[in-house]
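# Structural overview
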Amino acid sequence: MIHIENLTKEYDLSGKRGQVLAADRLTFDIPSGEIFGLVGPNGAGKTTTLKMLCGLLMPTGGRVTVNGIDVERQPEEAQKHIGYLADFFSLYDDLKSWEYLDYFGHAYKMDAAAIPARVNEAIGVMGLESKRDAFIGGLSRGMKQRLGIARAILHDPPLLVLDEPASGLDPKARHELKLLIKSLHRTGTTIFITSHVLSDLEEICTSIGILEKGKLVRLGALDQILRGEGPSAGPAARRVRIKIAAAGFALTDWLAAQPGVTGVVAEPASAAGGPSAPVTGALFHLAGSEAGLAELVRALITAGAPVCGVEEITESLEQLFFRISSGEVM
Amino acid sequence: MNLLSNPELWRNYRSQLRPGRMAATAGIIAALSLTFGYAFYKGAEDTSPAGAWGQQLFEAAFWVQVLALAVGGGFACLIAISREKEQNTFDFQRVTRLSPLELTLGKLFGAPVLSYFVVLCLMPAALLGAAVGRMDFTRVLAAYGVFLVCTVAWHGLALLTSLLMERNAASAGGLLYLALLGMMSIPDSGPLGLGMMSPFFSISMLSAPAATAIPSQPIVFGSRYWDSFFGIPIQHGMVLVVLSVIFLGWLLLALARNIKRDPSVYELYTPEQSLGLAAYLNLVLVGFFNSKQYGAHDAHQLMTFLNLSLFFGLGLTVMRNRDRLRRRISELGSRASGWLAAFWPATYLLGGFLGIGLAILGVISVQFGDPQGWNLAAGMVGLLIASFWLARDVLFLQWMNLTRVRRPLTMGMLYLIAYYTCMGILLGALGLYETAGETPFAAIFLPALGMVLEGKDWEAHRAAWMLAVAAQVPILCVLAMLQKQKLQELSSRPAGSVVAAVSAD
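All of the points below concern the structure found in this document. (Residues numbered from 1 in each chain as written. Chains lettered and ligands numbered in written order. Predicted model: local features only at pLDDT ≥ 70, side-chain atom pairs only at ≥ 80, totals over all residues. Heavy atoms only, no water.)

## Concerning the interface of chain A and chain B
Note on interface size: it is often stated as the accessible area lost on association of the parts. Every contact between the two is made by 64 residues of chain A and, on the other side, 46 residues of chain B. Of the roughly 4900 Å² buried between chain A and chain B on both sides combined, carbon and sulfur atoms contribute 53%. Our count for the chain A to chain B interface comes out at six salt bridges. Here E102(B) and K109(A) are joined by a salt bridge, their closest N and O atoms 2.8 Å apart. At the boundary of chain A with chain B, the tally comes to 19 residue pairs in polar contact (both at pLDDT 80 or more). Elements that contribute at least two residues to the side of chain A that touches chain B include exactly β1 (2–12), β2 (19–30), α1 (46–54), β4 (61–66), α2 (75–79), β6 (82–85), α3 (97–107) and β10 (215–221) of chain A. Take the side of chain A that touches chain B: its biggest share by element is eight residues, from α3(A). (Contact = heavy atoms within 4.5 Å. Buried area = accessible area lost by both parts, 1.4 Å probe. Salt bridge = Lys/Arg side-chain N within 4 Å of Asp/Glu carboxyl O. Polar contact = N/O pair within 3.5 Å; in protein donor to acceptor, adjacent residues only side chain to side chain. Helix = DSSP H or I, 4+ residues; strand = E, 2+ residues; numbered from the N terminus.)

Structure representation (structure tokens):
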């Protein structure tokens, strides 16, 4: 669905403070039917990437194709396939809700006869029936956000690009937004979304990219990323805890000597015993697949360790994001 | 592409012409029309010939119509795009499937829709007045035709200004628009045999004496009603309509090329289109030039100056900024940062300006033969110096445009003004342009002096003038070198590594 190739955007910082790479040769594909979440701290380049994807910003280099259509060379053809919602936006306050959607229906060159029904459908999906004939100027922030989303989905685009769609929404509306995104996903719509509410993204996304200073430092299926797997996850990303039944086996030394194992931390039998307490467990990072972990455990048992527990620790997206943002991992 | 079904036009119509607002506007205008009509009727009851009040009513209504559409509609166009950019609604229009021309036309006719409605509401009063006043309906129709066509062209200009305007610059844009409209409403405008170029001319068409017949000799071309195109008298109204339509075409081209683009890479015209525009404007200038008022030397000087101003403006439109150059470098590699690129847009301007300048020289030679005080060689030298002057100033501004200062072009302009002011005072204090023998040396620093070169001075100091021309070349090279440095800087990107080059599946 989306093919991004060497996408680069350079900006000048104000004054003589140099230049910044808001997108640094990003290369990745997003297949159809994904809900792809792009996360990163403020200024990481998320909105810039989204705007280049929609053809609103011209990249310094590289290209984007949507459904095989080059966004830069055939913008109007590509935009037929894209529904876009910006992070900070306004609507036309002096139009009524239905007029606003009707305008965009025509602007997207939908079949004129089908527009009224589709407008009503979009209004219904977003729960705006009671506000259909209300002037936009009189709507609350959350209602306006819903109307903005209704506009983005009006022409039934196969790709929906949402930049911080949950901002300004109350918890109920946020929940409804998640349900809407999931239902759109079920109909085959590909969704490219950014949000600072990581728990929401973790709930709805099927794949994720973490952007840091214009570079993608993580990219892949959500569950793989959270387990530390994935092609771009880097070494020693799978976090594992192993417990042994009795002290006496040099667990940490043995683990540290194994290939692919890093960051071994000893876990004493009881916290009260302090550093001198006997070690009955260890926490470490292991590069590799589940098969690699099984191999490691088998070798450990063969070496005579009384293994009584193996636990793979899955992080939440928020934990992973904070670790990456703090520079703990890259 | 049907204009009446243009969604942007309909959006403006729905926003601005709600039934309540329409009723209020129509009510106020009806009340004013009745009041004014009655006042004119009572005022003319005893003294004026029958029906005079009708003519007064028509003229008053027409005045208000012109004012409402030219000024009110112009302001609406001025904020049509800039306000949308400020409110972050413009991006949503840019991602729709509306073609750039559809979006442009929707805004051009949609933004001033309230002003059009005011004009419509005033039509009953105007028509009643015209009928009672027994006015010549052909003339009335012609006045409306000129008014509407010319106004749409002015709206196009306002819309383009709106597209290019920076945030929060609406007041400055409004003042600029008003000033330009005012200037172009002054009849008998200077060296050109052209009358006023604003919609307000249509008002004076109504009172034109024998406007349909060429007045008896002597004809003062560029007066209110008649223009001279290569010596042929043409009614100004007709000229205004033709020039407005062509000007609107150029404006629409610029708007449609840019309206859906990323603002950081706006480019009004391609270099070829810019050259075409400069050639067209020169044709207009030469064609309508009031040559009978001038001698060959003054005529050449003036036309070269006008051509220079045009190409200076053209130079600004084809200038590249850092974003565009980064993109070029990314696409073309070292070709985009080589020596040829370092001379951009000087090479292009030199070629165009010299080509058109030679054509102007040809026209002057044919029109004036071999008059006293001017010869072709002196004209050529003046043209060469003017070319280098243009090239070096634009090259300087291009270099400034690649620096990382805030508003680089404005800063560049200020530096140029400061340079020429200081240099003028300094050379004056040194007495360097008091004698014909020293002027060529002063012209190295102030090339404008070369443009006023007379035939006898050229004959007397050929070597010095040749030196003045040759001295411009190293100055150009230094400026190109500076630009080359900037191109190198832009070519060397901050280092980064490809971290993610995988598929998400």
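## Structural notes on the sheet that holds strand β13 (residues 279–286) of chain A
All names here are of chain A. One open sheet accounts for four strands, arranged β12-β13-β11-β14; its pairing is antiparallel. Among the strands making up the open sheet, the edge pair consists of β12 (261–268) and β14 (307–313). Here the average twist between neighbouring strands, direction ignored, is 20°. Against the sheet, helix α10 (residues 290–302) touches β11 (238–244), β12, β13 and β14, its axis set at about 160° to β14. (Pairing = 2+ DSSP bridges. Axes fitted to C-alpha atoms, helices over the stretch in contact; angles between N-to-C directions.)

## Comments concerning the sheet that holds β10(A)
Residue and element names in this part refer to chain A. Spatial ordering of the open sheet is given by β6-β7-β8-β3-β9-β10, a layout of six strands whose pairing is mixed. Across the chains shown, the open sheet's two edge strands, defined by having one partner strand only, are β6 and β10. Taking each pair of neighbouring strands and ignoring which way they run, the sheet shows an average axis angle of 15°. Relative to strand β8 (residues 190–194), strand β3 (residues 35–39) is paired through four bridges, and the arrangement is parallel. Looking at the pairing, L38 lines up with T194 of β8. Relative to the sheet, α1 contacts β3, β6, β7 (159–163), β8 and β9 (207–212), its axis offset from that of β7 by approximately 150°. Here helix α6 (residues 171–186) sits on the sheet in contact with β3, β7 and β8, set at roughly 150° to β8.

## Observations regarding the packing of helix α11 (residues 236–258) of chain B against helix α12 (residues 271–288) of chain B
Residue and element names in this part refer to chain B. α12 packs onto α11 with a crossing angle of 165° between their chain directions and a minimal axis gap of 12 Å. Relative to α12, the element α11 is oriented roughly antiparallel. In the crossing of α11 with α12, the sense of the turn from one axis to the other is left-handed. Contact with α11, carried on its side by V239, L243, I246, W250, L253 and R257, involves Q273, G276, L277, Y280, V284 and F288 of α12 and no other residues of that element. (Parallel < 35°, antiparallel > 145°, perpendicular 65-115°, else oblique. Left-handed = near helix turned anticlockwise from the far one by under 90°.)

## A look at helix α23 (residues 472–491) of chain B
Each turn of an α-helix holds 3.6 residues, which means side chains three or four residues apart point in the same direction. Its 20 residues give α23(B) an end-to-end C-alpha distance of 29 Å, which sits within 8% of 28 Å, the value for a rise of 1.5 Å per residue. In this fold, the buried residues of α23(B) make contact with α14 (322–332), α15 (339–342), α16 (346–368), α17 (376–401), α19 (439–445) and α22 (462–470) of chain B. (Expected span 1.5 Å × (residues − 1).)

## Things to note about the state of the cysteines
Residues and elements named next belong to chain B. Per the stated rule, a full pass over the model turns up zero disulfides over all chains. In this structure C77 is a free cysteine whose sulfur lies 14 Å from that of C150, the closest cysteine sulfur available. Counting only cysteine sulfurs, C77 is the nearest neighbor of C121, a cysteine outside any disulfide, at a range of 19 Å. Under the relative-accessibility criterion, C121 is labelled buried at 17%. (Disulfide = S-S within 2.5 Å. Buried < 20%, exposed > 50% of the residue type's maximum accessible area, 1.4 Å probe, protein only.)

## Details of a nonpolar patch on the surface
Residue and element names in this part refer to chain B. Together, V405, M411, L414, Y415 and I417 make up a nonpolar patch on the protein surface, roughly 440 Å² of accessible area in all. Its location among the elements puts I417 in helix α18 (residues 408–429). Judged by relative accessible area, which is 53%, I417 ranks as exposed. (Patch = residues over 30% accessible without salt bridge, like charges linked within 9 Å, V, L, I, M, F, W, Y side chains within 5 Å. Areas by Shrake-Rupley, 256 points an atom, 1.4 Å probe, with all protein chains shown as cover.)

## Focus: the pairing of β9(A)
All names here are of chain A. Along β9, six of the six residues are buried, which leaves the element largely enclosed by surrounding structure. Where burial is concerned, the two faces of β9 agree: the one with S207, G209 and L211 and the one with I208, I210 and E212 are both buried. Bridging between β3 and β9 involves four bridges; their strand directions are parallel. Residue pairing across strands places V39 opposite I210, the latter belonging to β9. Of the strand pairs in this sheet, β9 and β10 are connected by six bridges, and their pairing is antiparallel. Counted as the bridge partner of S207 is A221 from β10. Two successive antiparallel strands, β9 and β10, enclose a turn made up of two residues, where K213 displays a positive phi of approximately 50°.

## Here's the deal with the pattern of salt bridges
Summed over all chains, the structure comprises 38 salt bridges over all chains. We note a salt bridge from D91(B) to K51(A), for which the minimum N-O separation is 3.5 Å. Here D91(B), found in helix α5 (residues 90–94), pairs with K51(A), found in helix α1, and the two come from separate chains. Between E176(A) and K172(A) there is a salt bridge whose closest N-O contact spans 3.0 Å. One end of the pair, E176(A), and the other, K172(A), are both in helix α6, four residues apart, so they sit about a helical turn from each other. Take K172(A): its relative accessible area is 57%, and that puts it in the exposed class.

## What about unusual backbone geometry?
Residues W344(B) and P345(B) are joined by a peptide bond in cis, for which omega reads 0°. You can see P345(B) is positioned in the loop between α15 and α16. Of note, the phi angle at N67(A) is positive, near 55°, even though the residue is not glycine. Within the secondary structure layout, N67(A) lies in the loop between β4 and β5 (69–70). We note that K109(A) has phi near 60°; this positive angle belongs to a residue other than glycine. Within the fold, K109(A) resides in the loop between α3 and α4 (115–125). When its relative accessible area of 39% is taken as the criterion, K109(A) is described as partly exposed.

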